[in-house]
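Overview (structure and organization)
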Amino acid sequence: MGAIDGTVLDFKRLERLAMADTAVHRLDPRAKVLVTCAFIIAVVSFGRYELTPLFPFFIFPAVMIALGDLPPRYIAAKICLVLPFALAVGILNPLFDREVVLRLGPLGVSGGWISCASIAVRAMLTVGAALTLVGITGFPAICQALARLGMPQAFAVQLLFLYRYIFVLAEEGSRAARARELRSFGNKGVGVRSYGSLLGHLLVRTWQRAERIHMAMLARGFSGGFPLRRPSRFGAAEVLYLLGWSVFFIVLRLWNASQFLGALVMGICR
Amino acid sequence: MHMSDALLSPVVGGTMWAASAGAVAYCSAKVRAGLDERRVPLMGVLGAFIFAAQMINFSIPATGSSGHLGGGLLLAILLGPHAAFLTTASVLVVQALFFADGGLLALGCNIFNLGFFPAFIAYPLIYRRMVGEEPSPPRIAAAAVVSAVAGLQMGAFGVVLETVCSGISSLPFATFAAIMQPIHLAIGIVEGVATAAVVSFAFKARPEIVRGAPEARPAGNRPLRRVLLAFLVAALFTGGVVSRFASKDPDGLEWSIARITGKDDLKGPGRGVHTALAALQEKAALFPGYAFAKPAAPKKDGGDSTGTSVAGIVGGAMTLAVAFLSALLLKKRNWAA
Amino acid sequence: MSHHIVEVKNLRHVYPDGTVALRDISFRITHGESVAVIGANGAGKSTLLLHLNGYLTPTSGEIRIGDFPLTKATLPAIRRTVGMVFQDPDDQLFMPTVYEDVAFGPCNLGLSEEEVEARVEAALGRVGAGHLRSKPPYHLSGGEKKRVAIATALSMSPDILVMDEPTNGLDPFARRQLLGLLRDFHHTRIFTSHDLDMVAALCERTIVLHEGEVGADGPTAEIFRDDELLARCRLEKPLSMQGCPVCGKAP
């Protein structure tokens with residue numbers, strides 16, 4: 001089935017991107033996770049009608065994408081995919097907030113439109129930051145980072161197991177769905193009954209697989225613990241990275257760089 | 001529907017993150033303490049199953065559209081509340097990172113909306129009660145539909161509350177609720193039907209899978225959950241409704257300051273660090289003076305009353321989260337002893 | 001040497017749903033032997049294997065591995081002695097990277113980090129997968145996964161290696177590589193397989209299972225010459241021993 005296969009390919013692509021060897025890739029994942037968190041918090045902390053102060057924040061994902069050798073068009077395409085969902089709610093803002101707050105020549109722009117645009121920009125920034133994080137860090141490393149930042153070990157194990165077996169289950173599910181599709185015509189055969197049966201089978205097989213994995217774990221002496229060790233050091237580069245970006249975000253948060261730049265340029269032009 | 005970073009404020013996002021993180025920690029400890037080590041591969045693999053299952057559709061007759069499984073309720077039926085919550089949370093984490101479903105800050109909201117309600121409320125309080133001791137396909141189907149609808153209604157309501165409390169969207173509460181709840185009624189029915197279909201099949205093929213959720217619970221658990229639930233409701237009620245009528249009279253501390261100095265609020269020395277810090281605090285604080293930060297454009301209605309209630313609710317939720325966490329930390333230490 | 005002996009006496013196994021998987025199995029495998037367990041589907045091969053490291057408990061009968069009878073107390077020691085490689089490598093590779101999978105066993109044995117590192121290096125070296133150590137399992141090909149799965153068992157330094165359908169699903173090149181690898185092992189080896197040519201190439205002794213019982217137990221060459229036995233047990237001669245597909249002449 002198209003959806004599943006596409007998803008797995010997507011995973012594999014992001015994985016491959018994460019395995020590159022650039023300076024940012026080599027940074028300790030904890031630093032990258034923390035900076036991304038700081039970024040997102042800074043972005044969402046803006047007031048409803050603040051639009052222009054958000055623009056300078058694009059510097060962060062842009063720089064990271066460049067330094068991390070990530071394909072910008074791919075990231076942009078993924079952002080565009082997700083945008084409609086945030087906008088679905090945001091687009092209603094102009095309906096409920098019609099008071100004009102800005103005049104561009106003859107055009108009156110209502111607060112609703114500004115806040116809607118703000119929502120769109122926020123979506124782009126936050127999604128971009130998340131994807132960039134995965135692209136320069138990779139999922140297993142993010143899990144390790146979270147575990148070292150306090151996430152419970154049991155949950156880290158769960159995340160890693162889940163991730164590892166998504167590939168296997170997606171393939172099984174894809175085969176089953178494809179088999180059903182090849183034997184159904186139009187809308188016949190894709191109803192709830194065949195669905196329940198298909199997923200039911202998949203579920204039973206999944207359960208059996210879990211038993212086999214458990215067998216394999218026992219065969220190698222499993223007794224409850226998971227030795228998840230990974231060498232990592234939080235050195236000068238990481239501290240610089242963390243402090244540098246955090247200060248940058250704080251500055252941008254408190255000072256409207258766009259305004260300043262705009263006024264500067266307009267002052268020069270006069 | 002997933003909550004999105006773009007519609008979230010740091011306070012609401014942070015609160016829900018704290019709540020979800022606390023719940024994850026609690027469930028992790030519970031799962032680890034339960035001595036069934038088969039759980040570990042099972043949770044991982046079932047999470048992957050749910051992931052794959054969400055991408056397989058079935059056509060809904062008479063509408064021309066298709067539906068698919070969400071999985072929260074199904075996981076609760078297969079694994080029991082605590083393991084199911086963790087599994088749902090893990091699926092959401094992967095979705096947030098790879099598909100930006102929602103966002104990283106909104107993850108806290110989503111884990112709570114989509115994980116907590118099905119696993120800890122819909123499943124034990126509705127599904128289990130309806131199915132009783134002898135599951136049979138019609139009973140399972142009915143219970144699944146009712147529980148799914150209930151769980152999704154609560155989840156949808158969570159999204160509404162979180163969006164409105166964040167204040168980024170201009171949608172009024174009533175309108176948003178009027179849109180979300182009916183949509184999620186439909187989605188809930190679809191979810192219930194899908195869940196019932198899968199569970200019925202599995203029940204016929206391998207009944208022990210469906211009865212697999214742990215029956216026995218340690219004695220102290222139920223009361224704890226009821227207490228917490230009651231606590232939450234009480235806190236929200238007190239915070240939300242009562243503060244609506246909170247007097248506009250100055251708060252305790254401000255009142256004592258006024259008495260001492262004869263003016264509201266001690267004003268710091270005119271220049272220097274103090275002014276700068278005060279200015280910083282003014283700018284950065286989202287709730288200056290406890291009402292919503294007045295957006296740049298003036299609003300027609302006062303909005304003050306709503307601001308106080310919202311602050312009350314948020315404050316109540318935050319204190320609860322803190323209480324929850326401290327309780328967990330203390331509990332953990334008991335086990336280590 | 002009394003250790004590394006696998007001794008099974010009157011093993012009987014009945015599944016919870018009533019199926020009698022094994023009726024009355026007895027055999028004795030000594031150190032260094034390379035034995036194949038063959039039979040039709042459903043004859044009980046996999047069930048038998050699962051008894052050898054204690055995953056399943058016999059309904060009646062006895063199993064001894066080396067000096068130890070198989071009991072709950074001796075399980076950890078037995079699991080260290082018997083290395084098991086399952087049919088589907090995806091079931092066996094569940095850690096984020098190859099290194100961690102191969103290290104899983106030694107870590108559970110409580111070895112120090114340096115020792116674990118040494119064991120992993122050695123195991124990966126034996127199977128020729130050293131260059132795969134940082135890769136996640138879902139990036140490996142079928143043959144690579146099989147080799148890494150073997151490494152995960154080897155890293156525990158077992159004396160007895162048990163493999164369920166080792167050549168299943170491998171392309172011809174990977175299969176050839178695996179055969180070369182297994183030929184070099186000096187452990188006691190026990191395989192189940194439908195790949196009768198592999199059996200002929202690697203195993204000097206064969207046990208034939210038929211409906212839960214031992215149909216035959218002897219030198220591989222003899223068993224494959226007994227046409228009546230093979231037919232009764234739903235088996236055939238390996239292709240390499242059958243007639244030439246072109247001219248029909250027997251080898």
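Rules of the game
Residues numbered from 1 in each chain as written. Chains lettered and ligands numbered in written order. Predicted model: local features only at pLDDT ≥ 70, side-chain atom pairs only at ≥ 80, totals over all residues. Heavy atoms only, no water. Helix = DSSP H or I, 4+ residues; strand = E, 2+ residues; numbered from the N terminus. Rg over C-alpha atoms; globule rule 2.2 N^0.38 Å. Buried < 20%, exposed > 50% of the residue type's maximum accessible area, 1.4 Å probe, protein only. Contact = heavy atoms within 4.5 Å. Lys, Arg positive; Asp, Glu negative; His and termini not counted. Charge placed at Lys NZ, Arg CZ, Asp CG, Glu CD. Phe/Tyr/Trp six-rings, centres within 6.5 Å; stacked < 30°, edge-to-face > 60°. Lys NZ or Arg CZ within 6 Å of the ring centre and 35° of its normal. Expected span 1.5 Å × (residues − 1). Polar contact = N/O pair within 3.5 Å; in protein donor to acceptor, adjacent residues only side chain to side chain. Salt bridge = Lys/Arg side-chain N within 4 Å of Asp/Glu carboxyl O.

Here we look at the overall build of chain A
- If you tally the helices and strands in chain A, you get 12 helices and two strands.
- Ordered by position from N to C terminus, the α and β elements of chain A give α-α-α-α-α-α-β-β-α-α-α-α-α-α.
- For 270 residues, the compact-globule estimate of 2.2 N^0.38 gives 18 Å, and the C-alpha radius of gyration of chain A, at 24 Å, exceeds that figure by more than 25%.
- Taken along the three principal axes of its C-alpha coordinates, chain A extends 75 × 55 × 30 Å.
- Buried residues in chain A amount to 54% of all 270 residues.
- Excluding contacts between residues fewer than 6 apart, the proportion of contacts in chain A whose partners are at least 24 apart in sequence is 76%.
- In chain A, which carries 29 positive and 14 negative side-chain charges, the distance between the mean positions of the two groups comes to 3 Å.

A word on the packing of aromatic side chains
- The final tally for this structure, using the stated rule, is 34 aromatic pairs over all chains.
- Between F60(A) and W245(A), the aromatic rings sit 4.8 Å apart at their centres with planes inclined by 75 degrees, giving edge-to-face as the arrangement. Placement of the pair is F60(A) in helix α4 (residues 59–67) and W245(A) in helix α11 (residues 236–254), with a sequence separation of 185 residues.
- F60(A) sits in the buried class, given a relative accessible area of 3%.
- Here the aromatic cluster, defined as three or more aromatic residues joined through ring pairs, consists of F11(A), F139(A), Y163(A), F167(A), F51(B), F98(B), F99(B) and Y138(C).
- Seen from the ring of Y74(A), R13(A) lies directly overhead, with NZ or CZ sitting 4.2 Å from the centre.
- A cation over an aromatic ring shows up here: R253(A) above the ring of F46(A), its NZ or CZ 4.4 Å from the ring centre.

A few points about helix α6 (residues 137–166) of chain B
- Compared with an ideal rise of 1.5 Å per residue, which puts 30 residues at 44 Å, α6(B) spans 43 Å between its outermost C-alpha atoms and is within 8% of the ideal.
- The first or second residue beyond α6(B) is G167(B), which carries a positive phi of 80 degrees.

A look at the side chain of R39(B)
- Tracing the backbone through its elements, the reader meets R39(B) in helix α2 (residues 39–53).
- Engagement of the side chain of R39(B) in a polar contact is seen with the backbone oxygen of L79(B), the distance being 3.3 Å.

Side note on the pattern of salt bridges
- Tallied over the full model, the rule gives 24 salt bridges over all chains.
- The shortest N-O distance in the salt bridge between R209(A) and D88(C) comes to 3.4 Å. Remark: D88(C) occurs in the loop between β6 (82–85) and α3 (89–92) and R209(A) occurs in helix α10 (residues 192–219); the pair is interchain, linking two chains.
- Under the relative-accessibility criterion, R209(A) is labelled buried at 6%.
- A relative accessible area of 24% places D88(C) in the partly exposed class.

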